[in-house]
Amino acid sequence: MMSGGPAVRVSIESSCERQVQEVSLDGMETYVPPLSMSQNLAKLAQRIDFGQSSDSDEEGLERESREQWSKPEAEEDEGMVKFQPSLWPWDSVRNNLRSSLTEMCVLHDVLSVLKEKKYMALDPVSQDPSVAKTPQVFQLISKKKSLATAAQLLLKGAEKLTKSVVENQEQRRQRDFNSELLRLRSQWKLRKVGDKILGDLSYRSAGSLFPHHGTFEVIKNTDLDLDKKIPDDYCPLNVQIPSELEGSAYIKVSIQKQSPDIGDLGTVNLFRRQAKTKPGSQMWHLRLEAAQNVLLCKEIFAQLSREAVQIKSQIPHIVVKNQIISQPFPGLQLSISLCHSTGEKKSQRASPDKSKPDDHLYVLEHNLHQLIREFHKQTLSSVVMPHPASAPFSHKRMRLAGPMAYDKAEISSLQQNEGLLEKIIKQAKHIFLRSRTARTIDSLASRIEDPQIQAHWSNINDVYESSVKVLITSQGYEQICKSIQLQLNIGVEQIRVVHRDGRVITLSHQEQELQDFLLSQMSQHQVHAVQQLAKVMGWHVLSFSNHVGLGPIESIGNASAITVASPNGEYAISVRNGPESGCKVLVQFPRSQAKELPKSDVVQDAKWTHLRGPYKEVHWGRMEGRNFVYKMELLMAALTPCP
């Protein structure tokens, strides 16, 4: 027996050892594998006996009921043992199922009683006729008082609700204003001056020296009517921008061939379309970006105007209102204009015709923005560092200016620094020269079919230099006729031509020079093609010259000529090709085939008959073939003797 102290719980677990299933003859023991969770659950479920449990419960209930009615006091004497449910895993499930079945049966009985009239009938209760009826006047008065009381309660509740809604809207507006102000502060520089919130649009922090203050004010939007619905595009914050920065602006850069009169210059009425609003962007953000762009464009134009007045050039630059006119090449003018639109009506009134082509060079506008940002960076990074006492801390040659006694010209040559206008003029010259070179090559390629000219432009170029590879070929003979390969390096004011053999020719900006040079190269290509074809066909090259001194003088370049002989030496073909005179082909036949030659009394030996006779011109236009080289191949094949 245990003492009266606290009970001690002892956990009894099954042994971890497995049962031995079989012992083989060699002594190896085979163990019974343990049951899985599903097998163990199935094993426990097999032990359930629902019938026996329900019978035992019914017997126990019958015994209890009989003993309560007959002899309740004999319960202790008989020592009857009551039914106790076994503590097995499915006991709670069985009890819940039984209670659910009982409730469903009760519900079924209640529904049967309510649905079918045979179980229960409801009779109306008769009213006492002696009770006096209330007059209708008093009923109306009581109903009116009740309705007035209810209406007063509803009005008080509605008033409280209205006040709470207004307070919530005011709090939300204040909260939205603070959140929008936080977003504005994360993107723009703000400061508080008195009771005002001011912002900065200028690029002074980035190194700008433009004198405009670029200040805007942040105000709270109070134009909202609380009685109406809040619109979707409502913003609790608004910005007030200076009037001179309102609207949109851009720098228009164009190159024109014909220079108009000075009186026609002035305000340029060209404006772009309004930019579309991006989804999710606030109105104040768009306005601030547009105002900052206007400020930057004004700074660029002011810098260009200042440099245009200060720079001394052979042809002075013209600054009229919002336009700068320069002349990079003779008969060509560069126009840089500040286009600023302050409202929709003005932009619609001053918009150009739709049929007028847009000659705006967007590349130069983008380069202007890059150059002004580089200027800001140089200004910001020009910090005075420790330097020697004799000269500023800069290039080594500048520090030697004092000891070497440099004069003013040498010092100024060391301090050369191109301005914004000079750089953009050089870029405009290069762009115009590159476009004119491309147009010249394209016009020659479309006008002349034989030989063919091809241009391969380089994708990696500089703002001041571009390169193009020009190939002159004949259709169908690209592998053997590829001696003319030119590399054109297009600069600012000239074009450098590099031949395949390394020769360098410098051309000016004149379009006629490049066209004449390409025509002479195409003429030489035909003669080079005959030379390469003769090697392939087995003919012998007797003479070859790129610059023939005989015959008519060419106005463009020089004529070239070649003479080839057949493998057995009986026939000879002489080709003369000029850029202007065209192609001329002569064939020399043997003396034995020449019938028109008179017999000489002096030359009697038969060996002189093997010499070739006079030349005969070939009607080259009647020859069959798609191009010059193909016709020459047919002619050589016809004159080549059969083996």
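Rules behind the numbers
Residues numbered from 1 in each chain as written. Predicted model: local features only at pLDDT ≥ 70, side-chain atom pairs only at ≥ 80, totals over all residues. Heavy atoms only, no water. Helix = DSSP H or I, 4+ residues; strand = E, 2+ residues; numbered from the N terminus. Contact = heavy atoms within 4.5 Å. Areas by Shrake-Rupley, 256 points an atom, 1.4 Å probe, with all protein chains shown as cover. Patch = residues over 30% accessible without salt bridge, like charges linked within 9 Å, V, L, I, M, F, W, Y side chains within 5 Å. Salt bridge = Lys/Arg side-chain N within 4 Å of Asp/Glu carboxyl O. Pairing = 2+ DSSP bridges. Axes fitted to C-alpha atoms, helices over the stretch in contact; angles between N-to-C directions. Buried < 20%, exposed > 50% of the residue type's maximum accessible area, 1.4 Å probe, protein only. Phe/Tyr/Trp six-rings, centres within 6.5 Å; stacked < 30°, edge-to-face > 60°. Lys NZ or Arg CZ within 6 Å of the ring centre and 35° of its normal. Parallel < 35°, antiparallel > 145°, perpendicular 65-115°, else oblique. Left-handed = near helix turned anticlockwise from the far one by under 90°. Core = buried A, V, L, I, M, F, W, Y, C linked by side-chain atoms within 4.5 Å. Nonpolar A, V, L, I, M, F, W, Y, C, P; charged D, E, K, R; others polar. Polar contact = N/O pair within 3.5 Å; in protein donor to acceptor, adjacent residues only side chain to side chain. pLDDT = per-residue confidence, 0-100.

**Quick look at the overall build of the protein**
Thinking step 1. In terms of regular secondary structure, the protein is built from 13 helices and 20 strands.
Thinking step 2. Within the protein, contacts between residues separated by at least 24 positions form 58% of all contacts whose residues are at least 6 apart in sequence.
Thinking step 3. With an accessible surface of roughly 45,400 Å², the protein has 54% of that area assigned to carbon and sulfur atoms.

**Considering a nonpolar patch on the surface**
Thinking step 1. Judged by side-chain polarity, V106, V110, L114, Y119 and M120 come together as a nonpolar surface patch covering roughly 500 Å² of accessible area.
Thinking step 2. Along the chain, V106 turns up in helix 4 (residues 91-115).

**Observations regarding the sheet that holds strand 15 (residues 504-507)**
Thinking step 1. One open sheet accounts for five strands, arranged 11-12-13-14-15; its pairing is antiparallel. Strands at the two margins of the open sheet, each flanked by one partner only, are strand 11 (452-457) and strand 15. Taking each pair of neighbouring strands and ignoring which way they run, the sheet shows an average axis angle of 25°.
Thinking step 2. Where strand 11 lies against strand 12 (residues 466-473), six bridges are found, and the strand directions are antiparallel. Among the inter-strand pairings, Q454 is bridged to a residue of strand 12, identified as L471.
Thinking step 3. Packing against the sheet, helix 11 (residues 420-447) makes contact with strand 11, strand 12, strand 13 (485-490) and strand 14 (495-498), and its axis sits at approximately 150° to strand 11.

**Considerations on the pairing of strand 17 (residues 560-565)**
Thinking step 1. Judged by how many residues are buried, strand 17 sits mostly within the fold: six of six residues are covered.
Thinking step 2. Both faces of strand 17 are covered, namely the face carrying S560, I562 and V564 and the face carrying A561, T563 and A565.
Thinking step 3. As paired strands, strand 16 (residues 540-545) and strand 17 are joined by five bridges and run antiparallel to one another. Bridged to S543 within strand 17 is T563.
Thinking step 4. Judged from the six bridges that link them, strand 17 and strand 18 (residues 572-578) form a sheet pairing that is antiparallel. Residue pairing across strands places T563 opposite S574, the latter belonging to strand 18.
Thinking step 5. What sits between strand 17 and strand 18 in their antiparallel hairpin is a turn of six residues, with G569 showing a positive phi close to 80°.

**Re the packing of aromatic side chains**
Thinking step 1. Overall, the coordinates contain four aromatic pairs when judged by the stated rule.
Thinking step 2. In this arrangement the basic side chain of K426 is found over the ring face of Y464, its NZ or CZ atom lying 4.6 Å from the centre.
Thinking step 3. Lying across the ring of Y630, R626 places its NZ or CZ 4.9 Å from the centre.

**Concerning the sheet that holds strand 19 (residues 582-590)**
Thinking step 1. Reading across the sheet, the five strands line up as 16-17-18-19-20 and stay open at both edges, with antiparallel pairing between neighbours. Single-partner strands in this sheet number two, and they are strand 16 and strand 20 (612-617). The sheet shows a mean angle of 15° between the axes of neighbouring strands, taken without regard to direction.
Thinking step 2. For strand 18 and strand 19, the ladder comprises seven bridges, and the chain directions are antiparallel. Each bridged residue has a counterpart across the sheet, and for V575 the counterpart in strand 19 is V585.
Thinking step 3. The strands touched by helix 12 (residues 511-537) are strand 16, strand 17 and strand 18; relative to strand 17, the strand with the most contacts, the crossing angle is about 15°.

**So, the packing of helix 11 against helix 12**
Pairs of packed helices are described in terms of their axes, by the angle between the two and the distance that separates them.
Thinking step 1. Axis separation between helix 11 and helix 12 bottoms out at 10 Å; the angle between their running directions is 40°. Classified by the angle their axes make, helix 11 and helix 12 are oblique. In terms of crossing hand, the pair formed by helix 11 and helix 12 is right-handed. Between helix 11 and helix 12, the residues in contact are R436, T437, R439, T440, I441, L444 and R447 and E511, L514, Q515, L518 and L519, respectively.

**Some thoughts on the pattern of salt bridges**
Thinking step 1. Tallied over the full model, the rule gives six salt bridges.
Thinking step 2. R204 is the partner of D200 in a salt bridge, and the nearest nitrogen-oxygen pair spans 3.5 Å.
Thinking step 3. By relative accessible area, R204 is classed as partly exposed at 40%.
Thinking step 4. Ionic pairing is found between K429 and E493, a salt bridge with its closest N-O pair at 2.7 Å. With K429 in helix 11 and E493 in the loop between strand 13 and strand 14, the pair connects residues that are 64 residues apart, well separated along the chain.
Thinking step 5. We classify E493 as partly exposed; its relative accessible area is 45%.

**With respect to the environment of V629**
Thinking step 1. Here V629 shows up in helix 13 (residues 628-639).
Thinking step 2. Residue V629 is classed as buried on the basis of its relative accessible area of 1%.
Thinking step 3. C-alpha separation for the pair V629 and Q526, spaced 103 residues apart in sequence, amounts to 7.5 Å.
Thinking step 4. Excluding residues within four positions of it along the chain, V629 makes contact with S474, Y477, C481, Q526, A529 and L533.

**Details of the nonpolar core**
Thinking step 1. Grouped together as the largest cluster of nonpolar side chains are 42 residues, with contacts concentrated most on L237, I251, L288 and I336.
Thinking step 2. Counting residues per element, the ones that place at least two in this core are helix 5 (136-187), strand 5 (215-220), strand 6 (237-240), strand 7 (248-256), helix 6 (283-310), strand 10 (333-341), helix 8 (362-381) and helix 11.
Thinking step 3. With 11 residues, the single largest contributor to this core is helix 6.
Thinking step 4. In contact with L237, not counting residues within four places along its chain, are F177, E180, L181, L184, V218, I219, N221 and W284.

**Focus on unusual backbone geometry**
Across the chain, the bulk of peptide bonds are trans and the bulk of non-glycine residues have phi less than zero.
Thinking step 1. Between D450 and the following residue, P451, the backbone shows a cis peptide bond with an omega angle of 0°.
Thinking step 2. Within the secondary structure layout, P451 lies in the loop between helix 11 and strand 11.
Thinking step 3. Within the chain, K321 stands out as a residue other than glycine whose phi angle is a positive 55°.
Thinking step 4. Its place among the elements puts K321 in the loop between strand 8 (318-320) and strand 9 (323-326).
Thinking step 5. Note on K321: relative accessible area 66%, which makes it exposed.
Thinking step 6. Of note in the backbone geometry, A405 takes a positive phi value of approximately 55° without being a glycine.
Thinking step 7. Here A405 is to be found in the loop between helix 9 (396-399) and helix 10 (408-414).

**Some words on the packing of helix 6 against helix 11**
Thinking step 1. Helix 11 packs onto helix 6 with a crossing angle of 90° between their chain directions and a minimal axis gap of 8 Å. Relative to helix 11, the element helix 6 lies roughly perpendicular. Seen from helix 6, the contacting residues are I300, Q303, L304, E307 and A308; seen from helix 11, they are L420, L421 and E422.
Thinking step 2. Looking at the contact of helix 6 with helix 11, its residues break down into five nonpolar, one polar and two charged.

**A few points about the side chain of H285**
Thinking step 1. Tracing the backbone shows H285 in helix 6.
Thinking step 2. Here Q187 takes part through its side chain, which lies 3.0 Å from a polar atom of the side chain of H285.
Thinking step 3. Apart from residues lying up to four places away in sequence, H285 is in contact with Q187 and W188.

**A look at the confidence of the model for the protein**
Any segment with low pLDDT has predicted coordinates that should not be analysed in fine detail.
Thinking step 1. On average, residues of the protein score 78 in pLDDT, and 73% of them are at 70 or above.
Thinking step 2. Averaged pLDDT values over the elements of the protein bottom out at 45 in helix 3 (residues 75-78) and peak at 93 in strand 14.

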